[in-house]
Amino acid sequence: MPEVTIRIGGRDYAVACQEGEEQYLNAAAQMLDTEAQVLAGQSGRLPESRVLLMAGLMLADKAAGMEEQLKAAEARVKAAEAEVQKLRDAPAPTAPEPMRIEVPVMPEGLADELDTLATRAEYIAATIEQKMAG
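## As for the overall build of the chain
Helix and strand content of the chain: three helices and two strands. In sequence order, the chain lays out its α and β elements as β-β-α-α-α. In summary, the chain has a C-alpha radius of gyration of 47 Å against a globular reference of 14 Å for 134 residues, an excess of more than 25%. With the C-alpha coordinates aligned to their principal axes, the bounding extent of the chain is approximately 140 × 40 × 20 Å. Out of the 134 residues in the chain, the part that is buried amounts to 10%. Residue pairs at least 24 apart in sequence account for 22% of intrachain contacts in the chain once pairs closer than 6 positions are excluded.

## Focus: the side chain of Glu35
As for its position among the elements, Glu35 is in helix α1 (residues 22–43). A residue is classified by how much of its surface remains accessible, and Glu35, at 9% relative accessible area, is buried. Apart from residues lying up to four places away in sequence, Glu35 is in contact with Ala55, Met58, Leu59 and Lys62.

## Section: the nonpolar core
As a rule of thumb, nonpolar side chains are buried together in soluble globular proteins. Core analysis: the biggest nonpolar cluster contains six residues, these being Val4, Ile6, Ile8, Cys17, Leu25 and Ala29. The set of elements that each furnish at least two residues to this core consists of β1 (3–8) and α1. With sequence-adjacent residues up to four places away left out, Ile6 is seen in contact with Arg11, Asp12, Tyr13, Val15, Leu25, Asn26 and Ala29.

## A few points about the pattern of salt bridges
Within this structure, the stated rule accounts for four salt bridges. Note that Arg7 is salt-bridged to Asp12, the shortest N-O span being 2.3 Å. In this structure, the salt-bridge partner of Lys62 is Glu35, at a minimum N-O distance of 2.6 Å. Within this pair, whereas Lys62 is found in helix α2 (residues 48–89), its partner Glu35 is found in helix α1, the two being separated by 27 residues in sequence. Judged by relative accessible area, Lys62 falls into the partly exposed class, the value being 47%.

## Looking at α2
Between its first and last C-alpha, α2 extends 60 Å over 42 residues, near the 62 Å set by a 1.5 Å rise per residue. Val51, Ala55 and Leu59 are the residues of α2 that are buried.

The rules behind these values
- Residues numbered from 1 in each chain as written.
- Predicted model: local features only at pLDDT ≥ 70, side-chain atom pairs only at ≥ 80, totals over all residues.
- Heavy atoms only, no water.
- Helix = DSSP H or I, 4+ residues; strand = E, 2+ residues; numbered from the N terminus.
- Rg over C-alpha atoms; globule rule 2.2 N^0.38 Å.
- Buried < 20%, exposed > 50% of the residue type's maximum accessible area, 1.4 Å probe, protein only.
- Contact = heavy atoms within 4.5 Å.
- Core = buried A, V, L, I, M, F, W, Y, C linked by side-chain atoms within 4.5 Å.
- Salt bridge = Lys/Arg side-chain N within 4 Å of Asp/Glu carboxyl O.
- Expected span 1.5 Å × (residues − 1).

What follows is the structure in structure tokens.
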């Protein structure tokens, strides 16, 4: 089991850790030392144990806040995943029935044919009127 020397508040401490966890222990020690230095600078001359206790509590408070944020983010991810699954499971939308619009269209030449028929009808009507008149 490796032993790591960490420095907090100007003092060195020998701490044992699991193989491969040295970098995490050093990072945690650096965070604690940073908090302890801030407290020591602000509060004057507090006992070392009190400074370390307060620094530890400040870090624990930050960690608790991060855990709450993580839980909220995980809940949002779960909700988004559920929405995605709901959309995947939904049947594919179908195209609406096309609207049928009828537009009257006269076949080519029909107007000429109707004009010819109207002219013939007028001729027949005029002929009948002449025969009846005279």
